[in-house]
Structures are given as structure tokens and as C-alpha cells.
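Summary of structural features
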Amino acid sequence: MNAVLRTQLAGVARRPARMLLTGLAVLVAAFVVYATVLAQQITERSVLNGLSGTPEAVGLVVRNGTITTAQLDRIAALPGVAEAAGRAEAGLEVSGGYLGLIADPGSGPLSVVKVEKGTFPDGPGQIAVTPRTVERLGLTLGASVSADAGTGTAARLTVVGIVAPRDDFGSQGYAPTSTVATLTGSDLLNQIDLRLNGGADPGVVSDRVATLVAAGGSPETRPEVVTGADVRLDEARTAASEVDQVFAVVGAFVAVAVIAAGLIATSTFRIVFAQRMRQLALLRAVGAGRSALARALAAEGLLTGLIAGVTGVLGALAAGHALPALLGVFGWTVSAPGFPIAAALGTVALAVLITLVAVGAPAISASRVAPLEALRSAATTGARTGIGGLRWLTGLLLALVAAAVAGLVAVNLPGPDPEDYDPMPLLLAVVGSGGLAFLALIALGPALVRPVLAIAGWPLRRLGPVGRLAVGGVGGSARRAAAVAVVVALGVTMIAGVLVGGASVRTLAERELAASAPADFELAAAEGESLPAGLADRLRTSADLTGVTPYRRVAAVRVAGASELADVAATDVAVGALPRLGELATASGSIGDLRPGSVVLARFVADLAGLSAGDTLVASAGGREVRLRVAAVLTDMAPLHAGLLLDPADLTGLGAPAAPTGILADAARDGERARTAGLQALRQSSAGQPGLGVAVLADERDQINSALTVLLAIALVLIGLTVLIAIVGVGTTTALSVVERVRESGLLRAVGMSRAGLRTMLTTESALYGVIGAALGIVLGVPYAWLALETTGVNAPLTLPVWQLAAVFLVLVALTALAGVLPARRAARVSPVRALGTE
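Everything numeric here is computed off the predicted structure, so don't read it as measured data.

**A word on the side chain of Ser598**
Examined against the element boundaries, Ser598 turns out to sit in strand 19 (residues 598–601). We classify Ser598 as buried; its relative accessible area is 1%. Of the polar contacts made by the side chain of Ser598, one reaches the backbone oxygen of Arg595; its length is 2.6 Å. Beyond its immediate sequence surroundings of up to four residues, Ser598 is in contact with Asp593, Leu628, Arg629, Ala631, Leu646, Asp647 and Asp650.

Written out as C-alpha cells, the structure reads:
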């Protein structure tokens, strides 16, 4: 055993490049695993340092009870208290919009804002606003506006400053506590933040504060006194828990990447051991036993895993500590990670485990080599193409079980708008079916390579000898091609699933937004009121607005025969006037059939009333009644959260006023500046008209689109880990194949193939690995994406992002081709004479 082991390790020492290629996928996996640990540390520390809403100077906090401004004054006078800041908020209606006025000292360690222009308010009736609030509400420096806090009494407020908070939502103002209390007509506070003197004992001061706030109050309304550190820790834990949830999802994708690394490592060990088959046979011929040989090969794998794991951890550590300095160059401040030793040791152990598992089957297979193999050439050992009967049976059985589970899910899919539906069992069944299908793909991969290659390689064969040789090279080593292509297919399957799911959910969101936010802005009168005459015509003359569409709305309409249905709203907004309303989808009928005497129903109205297209609906409001034919049933809500969409004549029949109750409009141009200009045009046109409110519907649309884009990008980046390892596998396989086929390359060069032709042939072989894997991945990913989407019960329509899927296919093929460029260049540099002399 020792002699065999020494022989194997000596061979490794003579050819370290082979060990590097063998463990490259494991090295990348170790880097990804440990980098994920460091990324979580960086994120959590940044959250702790920068995302707490309580200033660092706060020593004590009084909260969760009845707290008054009188208590604030008495607490501020206690010994040991350097400063006390009362926190309160007031919701104001200003210029037809909402302004959240927040109490803040305006300066000093307890302030949460920084003055950018003007001054912070120091007198009654003065406020400061954020930069985005200036744009959205038109509250410029020096402006004087009327504000109502819901008390029925308007107050004049003057903007004296522009301040920058941590987060600017476009609807924030700041003022002293006394101003907020005056506007609300209440002396109640949300909490009090205390800054202590340098030598004060926090425990003593806390007891004094607790005694003061407990006087004269009941236990139920008595506030609690906690340390600022505890409050910041609670806030950080809340944020950190969200970080933990995010990284739990990241961990699932990393686990898939680790599995991919194991598959690549197994394939690489098979290739390496096949290339050394003659050497192994010689060891068997001189007396080495099978078990001794298998243990020696396993020890080689262990050493490979150890080196790969240590290298990956060190690389991730270097990258993690370099990241804060790199981001600092661009003005981004993040915390540096620590040195998590336990996680490092665990990552190295995981790398060793991966290689031990990966090397097991190839080592056992290689140890069974017959001594007579020593008399044969080693150059053609690794090109087995077929699979045995047992593997055929196992693969087909797995495929049948996967299909059966998928079929069971398909027949149990929920209907539209299911009630009390738990999607988790069916989703787990889809995941289980997908796992079984992937195992079937592993088992049947070599048998699937040739059919896929026959189709994908057809155009290459027409390009001449280089194309035919490339196709023949991949087809001649079907097992090797399948081992790499399966990992590529795993990554592409997940990418295709995310793209299809993302596109489908985005389509659903666009349909829902077409109803809830069909325009950039909505100008609406108070309930039961109408807009001033001529307002729509004045808005149409504005260069900052387009698509100005007046509408009317009746808030309470009764649908006959629907006892479970409460009163619903009805509107007559013109569907053809706004482009986004064209995205409304129907479950039956056509919106284009809407005319006098007909109605378009929201889905929930149709379901509760038992109506469908062509039926007759009787609607009543305010003692008036109309009979309408159902022209269409929508898949969701009618525009502007209404239940009924009517022709103007029928809405008049239900008692709607002649004047419009609201106006929809779009900004004339794209961009935040154009949106602000459109908003200001609406506010100026409605200025001085009581009861009018302007809502920026585009903000809702932007938030949803932004959230979907970010989620999709994060998912694709995480799945990219698996694709990265697959590409490493392609490069490794091509590099080892070049070593194995040196004589073949020399022969091709000797019979007239140019260096460029040889490079093209080998690069094309690498690209074909990507073609096979991407094709199998898309074929597998799209159906499972549809099945998973249907099990959620969200009624999202299946949307195939054809161009995105095509782009994924082309990018994967390009990346796998790129992975083969360096090995191909190396093969082309070897002279034909030297290559033909290689054993």
C-alpha cells in the first residue's frame, strides 16, 4: 500500500497542472461557499453600523406607553440627561398631497437629518422638507402653504429649510416637537430619546426616568425605559433576520453549485484515471492489489480536495477584505468581514468531502483494470460511449417516476382564485419531480448526447472537415460530453425557470397595474363631489402632460342576484384613451364589445354573481336601475379598483354627475424630472380648489417593476454560480482532452490541418458541450417553470421570453467555447513530430 501510494503521489508532484485541473471545480466551489459566509458578515455588519434608525448618541429610550410633552420637559431637567428629543408624527394634507411631518431637534447628536439649504425650523409654523419632497409637492424654500392635520382647522406653514434624511421617500417634512404637537392638537409622543452626560450612570438615570414616567399612570399605559444600545440591537436584529432569510435562499443556490462541482470533479477524475490506465495496469502487474490501488487513488483525491479547499478559502478571504477598500473608491461604505475560522475549516472539510465522494466511483472503476491493459495504448481508453442495461433501466425508471409525479401535480392544480389553498405540497412535489428528472438525465445523458448532437451538429457538418471532426470528437466520447453537459443543463434549467417565471409574474403585474395604475397621475375629487368645469381642457393645454382622460365614478352600485357581494364601484373611463388599459386581459368576451347597454365585469363580481359573457346584469344605485348585457369578464379588477366598467350613458343612468369626478394623465416625457413637471402642472391647475387630491400612480408601478427586476437579477446571479462551475468543467474537460489526444492532434497537423483549423476544431468541441447542455436545460426548464407557476395559484399567464431564452442559449455556447480557447491554443502550438512521438 505505501509503495503504491508513494508512486501515485510522486506522479502528482511531477504533474501539478493535472492536479490543478482536477480540483479546479472544487476550488471554485470552496471560494463560492466561503465568499458567501464573508458576504453575509459584511452585510450584517453594515446593517449594524449604518441601518439602525436610532442615532448612536442615544443612551436611553422611553417608549411603549402614554408619553406626553410635559414628561419630556421634566425628563430633560433630570440630572445626568444632556439632551432629550421627543419623537412624534403628523399626517398633513398639503397642496392636494400627503406630507408626513416628523419631530426632530434638527441638529446635534440626536438629529436624524442634515440641513442642506436654509435653516432648520426654530419657530411656530415653520417646517423643513426633503429634496424629493420639494420636487413632488412643490414645496420650495420660502413657500407658504396651507396644511390640515385632520383636525378640521387649516394652518399656514412656511418652508425654511431643505434637509437630507437617511431615506427620502418624497413626502417627508421635519419640525420641532412643539410644532408637530400644535398641528395635531395633542401632547402625546411616540417616544423620547435621551443623550446622557459623559459621567452619568445609565442605570441611575434610567431609574430616575422610570420613576418619573410611572407617577400617576396605570400599569397598562406606563412607558418602558430601555437603553439605546438595546433599541439599536433590536433594530439590527430585525434587519439581520431579513439578511438571514436572504442568505438562506443564497445557501440553497450555493448547495446546487456544490453539487455541480461534485459532478464536474467526478467527471474529471474519470478522465484523469483513464489517461493513466496503462500506469495503473503496470502497478497491478507488479503486484498492487485492487483495494490498495483504490485507496491510493482516493488519497490522491483527498489531497486534491485539501489543496483546492485551502486555496479557495484564502482566495475568498483576500477578496472579502479587499472589497470594502474597492467600494470605498466609488464612495460606497461597507464594513470589512472578520476571520471566521470555524467557517474556513468547515469549507475546507466540505471541499475534501466533495472530492472524496467524487473520486470514489472513478477510483473503484480504475482499480479494476486488468494487468494486460499495460500492453495497450493509453490514448484511447476514455472514449466509452454507451451505457449498460442497468443504467438504462435506472434512468428510465427515474424518468417515469418524475413524469408520474409531474402528472399528479398537473391534475391537482388549483383553479382561479383558490380559497384556503396551500401551495407548498404541490411545490415540493414539483421540486421532487425535477430532482428525479435531473437524476434521470445523469443516468441517460450519454444516450441523449447523440440525438441532440445529430440535430445541433447538422449545420457544423456542412461547414467542412473541421466541423465534422468537432462533432465526431464530442460524439466519440459521449460519456464525457454528457458529464459536462449535464452540469450546464442544470444551470440552464434554473435560468430558464427563473426567466419564464419572472416574465409570467411581470405579465401578471402589468395586467394588475393596468387596472390599478393605468396612468402616471390621478386627480380626483372628494367622495360625492365633481371636478371644476373646464379643468380637463386646461390640463390638455399643458406641455408637461399627455393622455388627459376625464372619468366619472359611482361609489356604491348594487348587483342584483349577488347576495354575497357588497356594493361595488362603477366607472366609465375610456379604455382606448390610455395605452396601458389595452393590457387588460379578459377571461371571456371582449372589452371591444363595450357599448351602451353593456358592461365589463371584474372577475370577482362575475364569480359572486354567477355571470359570464352574454348574460344579463341588473345594476342599481340611488334608486335607479339599469339592465346590461355582460360584454366581457376581466381576469382581475376593472380599472381604478372598480367592479363594473360601463358606457358613459349607462353610468349616467345610475345617477353619475355630468361633470367628471377624476382625471387620469401621463407625463409628457420619461424620467423623474418629466414626472415632477407633470405633477407640478396638475397641482398648479388644481390650486385653490378644496377637496382635490393628486396621486402619483407611476410610483406604484415603478416600485413593483423595480422589485421584480432586482429579484430576477439576484436569482440569475445566484444561478450563475452553477453556470460558472459548469464552464470551469468545460475548460477542464477540454484541457484534459487535449492532453489525451496529443497523437491525434499531431496526426491531423501531419496530414495538412493548419494550427488555426486545429484551434477551431477544439474550440467548437467546447462550444458543443454548451449546445447540448443548453438545449437539454431549456427543454427541461420551461415545462417545470410552467408547472411551478401554476401550483402557486397566482393566475399568472405562461409567458415565454423567447429572446431572453435565445440570449441565454447563445451566451452559454459562447462561454463554453471561450473556456476551450486556451487548451486549443496549447494543442495548436505542439509540433506534429513531437505529438506523433507521444505515447
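Still to come is the rest of the account.
**Section: the pairing of strand 17 (residues 568–571)**
With burial as the criterion, each face of strand 17 is covered, one bearing Val568 and Ala570 and the other bearing Ala569 and Thr571. Note: strand 17 against strand 22 (residues 644–646), 2 bridges, orientation parallel. Following the sheet pairing, Thr571 is matched in strand 22 by Leu645.

**Section: the nonpolar core**
Of all hydrophobic cores here, the largest spans 55 residues; its most connected members are Val474, Ile725, Leu768 and Ile772. Of all the elements in the fold, those that place two or more residues in this core are helix 2 (16–50), helix 7 (228–275), helix 12 (424–456), helix 14 (465–475), helix 15 (478–516), helix 20 (697–740), helix 22 (755–791) and helix 23 (802–819). Among the elements that take part in this core, helix 15 stands out by supplying 17 residues, more than any other. Each residue touching Ile725, except ones within four places of it in the same chain, is listed here: Ala25, Val28, Ala29, Ala257, Ala260, Ala261 and Ile264. Core analysis: the next-biggest nonpolar cluster, separate from the first, contains 48 residues, Leu617, Ala621, Leu628 and Val630 among them.

**As for the confidence of the model for the chain**
A residue-level look at the chain finds 84% of positions with pLDDT of 70 or above and a mean pLDDT of 79. Per-residue pLDDT, averaged within each element of the chain, yields its smallest value for helix 1 (residues 2–14) (54) and its largest for strand 19 (92).

**Description of a nonpolar patch on the surface**
On the surface, a cluster of nonpolar side chains totalling about 320 Å² of accessible area is made up of Leu306, Ile307, Val310 and Leu314. For Leu306, the location among the structural elements is in helix 9 (residues 290–329). Judged by relative accessible area, which is 37%, Leu306 ranks as partly exposed.

**Quick word on the pattern of salt bridges**
This model, assessed by the stated rule, comprises 10 salt bridges. For Glu224, the salt bridge identified is with Arg63, shortest N-O distance 3.0 Å. Of the two residues, Glu224 sits in strand 13 (residues 224–227) while Arg63 sits in strand 1 (residues 60–63), which places them 161 residues apart along the sequence. Two residues, Asp193 and Arg87, come together in a salt bridge whose shortest N-O distance is 2.9 Å.

**Some details on helix 12**
With 33 residues, helix 12 extends just 38 Å between its outermost C-alpha atoms, more than 12% less than the 48 Å of an ideal straight helix rising 1.5 Å per residue. Of all the bends in helix 12, the greatest reaches close to 70° and is centred on Gly445; the proline Pro446 follows between one and four positions later.

**Re the sheet that holds strand 3 (residues 81–87)**
Overall, antiparallel pairing links the 4 strands, which are arranged 3-12-1-13 in an open sheet. Two strands lie at the open edges of the sheet, namely strand 3 and strand 13, each paired on one side alone. Mean inter-strand twist for the sheet, computed between neighbouring axes without regard to direction, equals 20°. As paired strands, strand 3 and strand 12 (residues 191–196) are joined by 6 bridges and run antiparallel to one another. Its bridge partner being in strand 12, Ala84 is matched across the sheet by Leu194. Across the sheet, helix 3 (residues 69–76) is in contact with strand 1, strand 3 and strand 12; its angle to strand 3 comes to roughly 165°.

Calculation notes
- Residues numbered from 1 in each chain as written.
- Predicted model: local features only at pLDDT ≥ 70, side-chain atom pairs only at ≥ 80, totals over all residues.
- Heavy atoms only, no water.
- Helix = DSSP H or I, 4+ residues; strand = E, 2+ residues; numbered from the N terminus.
- Buried < 20%, exposed > 50% of the residue type's maximum accessible area, 1.4 Å probe, protein only.
- Polar contact = N/O pair within 3.5 Å; in protein donor to acceptor, adjacent residues only side chain to side chain.
- Contact = heavy atoms within 4.5 Å.
- Pairing = 2+ DSSP bridges.
- Core = buried A, V, L, I, M, F, W, Y, C linked by side-chain atoms within 4.5 Å.
- pLDDT = per-residue confidence, 0-100.
- Patch = residues over 30% accessible without salt bridge, like charges linked within 9 Å, V, L, I, M, F, W, Y side chains within 5 Å.
- Areas by Shrake-Rupley, 256 points an atom, 1.4 Å probe, with all protein chains shown as cover.
- Salt bridge = Lys/Arg side-chain N within 4 Å of Asp/Glu carboxyl O.
- Expected span 1.5 Å × (residues − 1).
- Bend = angle between axes of the 7 residues up to and from the residue.
- Axes fitted to C-alpha atoms, helices over the stretch in contact; angles between N-to-C directions.

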